[in-house]
Amino acid sequence: MEKLINLNLISAYMKDRHLTVKDFCRQCAISSSTYYNIMQGKNVNLKVLFRIAKRTGIELHRFFRFS
């Protein structure tokens, strides 16, 4: 099954800003375990995506893959 969350956005954001996982998590107010769950394609709480979108400036709809 294809992942529904576009993880490339997070990776590209971190790479462009030279952020470590710790820095990204601090900026987005999420735990590192939540970050790793997202990156592994495990269940993601919508509130977490809202928080990441708000704190990174990435529009929320861009996180979702539509087929």
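Above this text you will find the structure in question.
Residues numbered from 1 in each chain as written. Predicted model: local features only at pLDDT ≥ 70, side-chain atom pairs only at ≥ 80, totals over all residues. Heavy atoms only, no water.

(A) Expanded view of the overall build of the protein. Across its full length, the protein holds 4 helices and 0 strands. Put simply, the protein runs from its N terminus to its C terminus through helices and strands in the order α-α-α-α. Against the 2.2 N^0.38 benchmark of 11 Å for 67 residues, the protein shows a C-alpha radius of gyration of 11 Å, consistent with a compact globule. When its C-alpha atoms are laid out on the principal axes, the protein stretches across 30 × 20 × 20 Å. The 67 residues of the protein split such that 31% are buried. Long-range contacts, defined here as pairs at least 24 residues apart, represent 54% of the contacts in the protein between residues at least 6 apart. Summing over all exposed atoms, the protein offers an accessible surface of approximately 4,800 Å²; the carbon and sulfur share of this is 52%. Counting 12 positive and 4 negative side-chain charges, the protein places the centres of these two groups 8 Å from one another. (Helix = DSSP H or I, 4+ residues; strand = E, 2+ residues; numbered from the N terminus. Rg over C-alpha atoms; globule rule 2.2 N^0.38 Å. Buried < 20%, exposed > 50% of the residue type's maximum accessible area, 1.4 Å probe, protein only. Contact = heavy atoms within 4.5 Å. Areas by Shrake-Rupley, 256 points an atom, 1.4 Å probe, with all protein chains shown as cover. Lys, Arg positive; Asp, Glu negative; His and termini not counted. Charge placed at Lys NZ, Arg CZ, Asp CG, Glu CD.)

(B) Main features of the packing of aromatic side chains. Summed over all chains, the structure comprises 3 aromatic pairs. Ring centres 5.9 Å apart and planes at 65 degrees place the aromatic pair Phe24 and Tyr35 in the edge-to-face group. One end of the pair, Phe24, is in helix 2 (residues 21–28); the other, Tyr35, is in helix 3 (residues 32–39), and 11 residues separate them in sequence. By relative accessible area, which is 1% here, Phe24 ends up buried. (Phe/Tyr/Trp six-rings, centres within 6.5 Å; stacked < 30°, edge-to-face > 60°.)

(C) Spotlight on the pattern of salt bridges. For the structure shown, the criterion picks out 1 salt bridge. With a shortest N-O distance of 3.5 Å, Arg26 and Asp23 are connected by a salt bridge. Linking Arg26 with Asp23, this pair stays in helix 2, spanning 3 residues, or about one helical turn. (Salt bridge = Lys/Arg side-chain N within 4 Å of Asp/Glu carboxyl O.)

Honestly, that's just the spatial picture; any functional story needs more than this.
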